[in-house]
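Here are the chains, one letter per residue:
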Amino acid sequence: MSNRLIHETSPYLLQHAHQPVDWYPWGKDAFTAARESGKPIFLSIGYSTCHWCHVLSHESFEDEETARLLNERYIAIKVDREERPDIDHVYMTAAQVMNGQGGWPLSVFMTADQQPFYIGTYFPKTPQFNRPSFRQVTLQLSEQFRRSPEKIAQVGQNMSQTLRDVLQPTASTSTWNESIIHETFDQAMRQFDRQHGGFGGAPKFPSPALLRFLLDYYQYAEDETALHMVMRSLIAMRDGGMTDQVGYGLFRYTVDAKWEIPHFEKMLYDNAWFATLCIETYQVTGQIRFRRYAEEILAFVEHELSAPDGTFYAALDADSEGGEGHYYTFTATELTDLLGPDALFPRFYHASPSGNFEGRNVFYRTGRSLEAFARSVHLSPAETAAQLERERQLLLRARNERPRPFRDDKRLTSWNAMMISTFAKAGRIFNKPHYTRVATRAVTSLERFVRTEQQLAVHYREGQATGHGFLDDYAYLIDAHLELFQSTRRALHLEEALVLADVLQDQFQTVDGYFYLTSSRSDELLVRPLDLYDGVTPAGNSVALHAFFTLSRLTGRLVYQESAERALTALVEEVEQQPTGFASLVSTFTYRQMEPKELIILIPEESEIPIEINQLQQMRLPEVALLIGTKRDLLPLVPLIADYPEPNVPTAYLCHDFSCERPTTNLTELLARLNI
């Protein structure tokens, strides 16, 4: 048995390709079938590592009777949200308008012209959890569609208009000022969980844009509270069940507020951003633990999520043959059999006879000091750490014998770009060329598949690339090239960033300077989506606008700065309404309040790089745009250096407010000034 999804490349769609539901992929064929048959559309949106997507699929889509009902009364469309974030964004926004919340699986009932009239998430096989069954919902809605087509059409039209209004930013009459920075910090303080770290209650997600803003705020306002919030949150995530304490890697979120019990899928983007935050916190604090946290993540990614071609897979599933989280958890009996009755690991990581997750143990070390624990077991800290590591390795070997969770092996352009940026940054900050080589190889392999002249695909799998690139694909790949430019000093990466920025301007930019989620060459949807808010990753708009400011400062091309300034002006009123929702955009404004500087260091041909330059590049200086290279390599991209003399020794030009100081060859003195 197979349906139309059998010809797709998405692992998520292929998971449904042998179901009795007569699934269509999103496209003209499905909408033509709906119009010609007079049936409504059932649109199901999910992703391959989503636990409740699996549950709905098993309970309803694999059930012959339910499938017959869907096939008789609906045209069924299945969408992978990771492949089509544009479709997901439109209907997730509609779900939030209709219900005040959303989630996956997203279940959309709509007309043949894409207008939604009812949206939900997971519906059980039988009525429970205060929810009707999936069969009840589909039957009732199909009857309403048949009996009251005018009413259904009116609901759809009203929702379409609401979406247009919601996805259009409020016309701004305000201007940016310093108070927005402080209000964002104050709101973050109010949302901060002082007891457990992170923001809000259960379920608890990482908040990378907000944590990075707090690092910026610390450097801007010298407020120790901001740095404490970052450190407290990163330590809590690393020590809690949010981290796989046996094999490393960050899970997606925890179902509780204490970071103890995770939802067990591991996503590439979460790991990229957690590692990035740890790297930057190490830069600011010098605390070696944050470097260690980042290196654990990078080791996990290299081992578990790296493809043979050097790119990165999308995710690991929460489920395995034993059920959700089974692969990652152990019963007390299993621990005793594997480690013996006197083992330290179960004690240090809060294991118990009854377990904390369906009779099994999720490991976490929250509240446990290695030194205090070592005293309690009458060992030195070094002996305790060595014993814990031996036992961790035993658990890891035993775990590797279990059926492994499904790995989504598609390579998403934007998520790969995030991880490329992380490896490039780690190579530079930790002075480890291996990481830089990983990043360079990954970007070369990725672009070989997803880039055609000036266009990007959304992803590729088994050598086949698909989709018109979205805003995040371009914005994050620009960021990756800028990170690689800093780490390798190869002008090629600056050139690639400029080419991609021009595509953004040509195909994505609005008259107000910010960007649509979709290219002008993408499929036409019910509305053309705008994605302005930060989510599980910083918003593509914010990443792109920050890149535009950076490119303008590096190259002197004011067109990028002018369009980014327009966007900031247009969005200020949106930011004022929910500052922490725009934390990454507020970060960009914060940099502009920190006395922005441009530092050009010209290096003689064939010259060795002075140690001072490596030290400079290891500092976290968000207000400094750093341009390092030979005049020959940089001149085609940076015409403003045309009159600079060819240097005999590395020579630095520090510029700000459209004027430059006298050039200096005393890099030690320059370092001291910048580190003030």
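Data block above holds the structure.
Residues numbered from 1 in each chain as written. Predicted model: local features only at pLDDT ≥ 70, side-chain atom pairs only at ≥ 80, totals over all residues. Heavy atoms only, no water.

Caption draft 1: Highlighting the sheet that holds strand E18 (residues 597-602). Strands sit in the order E19-E18-E20-E21 across an open sheet of four strands; the sheet is mixed. Only two strands of the sheet have a single partner each, and these edge strands are strand E19 (624-629) and strand E21 (659-660). Two strands pair when backbone bridges link them, and E18 and strand E20 (residues 651-656) are joined in this way by five bridges, in the antiparallel orientation. Note on E20: the bridge partner recorded for Ile601 is Ala652. Packing of helix H21 (residues 540-555) onto the sheet brings it into contact with E18 and E19, and relative to E19 it is tilted by some 50 degrees. (Pairing = 2+ DSSP bridges. Helix = DSSP H or I, 4+ residues; strand = E, 2+ residues; numbered from the N terminus. Contact = heavy atoms within 4.5 Å. Axes fitted to C-alpha atoms, helices over the stretch in contact; angles between N-to-C directions.)

Caption draft 2: Region of the structure containing the state of the cysteines. On inspection of all chains with the given rule, the structure shows two disulfides. Disulfide partner of Cys50: Cys53, at an S-S distance of 2.4 Å. Because the torsion about its S-S bond is 80 degrees, the bridge between Cys50 and Cys53 counts as right-handed. Residue Cys655 pairs covalently with Cys660 via a disulfide, S to S 2.0 Å. (Disulfide = S-S within 2.5 Å.)

Caption draft 3: Spotlight on the pattern of salt bridges. Under the defined criterion, the tally for this structure stands at 42 salt bridges. In this structure, Arg84 and Asp523 form a salt bridge, with 3.4 Å as the shortest nitrogen-oxygen distance. You can see Arg84 sitting in the loop between strand E3 (75-80) and helix H5 (85-99) and its partner Asp523 sitting in the loop between helix H20 (491-507) and H21, a full 439 residues away along the chain. Judged by its relative accessible area of 17%, Arg84 falls in the buried class. Among the salt bridges present, the one from Arg451 reaches Glu447, with a minimum N-O distance of 2.9 Å. On the basis of relative accessible area, Arg451 is assigned to the buried category, the value being 13%. (Salt bridge = Lys/Arg side-chain N within 4 Å of Asp/Glu carboxyl O. Buried < 20%, exposed > 50% of the residue type's maximum accessible area, 1.4 Å probe, protein only.)

Caption draft 4: Representation of the packing of aromatic side chains in the model. A complete count under the given rule lists 42 aromatic pairs for this structure. Relative to Phe42, the ring of Trp23 lies with its centre 6.3 Å away and its plane at 35 degrees, an arrangement referred to as tilted. With Trp23 in the loop between helix H1 (11-15) and strand E1 (24-25) and Phe42 in strand E2 (residues 41-46), this residue pair connects regions lying 19 residues apart in the sequence. Phe42 carries the same exposure label as Trp23, and that label is buried. Ring centres 4.7 Å apart and planes at 70 degrees place the aromatic pair Tyr269 and Trp415 in the edge-to-face group. (Phe/Tyr/Trp six-rings, centres within 6.5 Å; stacked < 30°, edge-to-face > 60°.)

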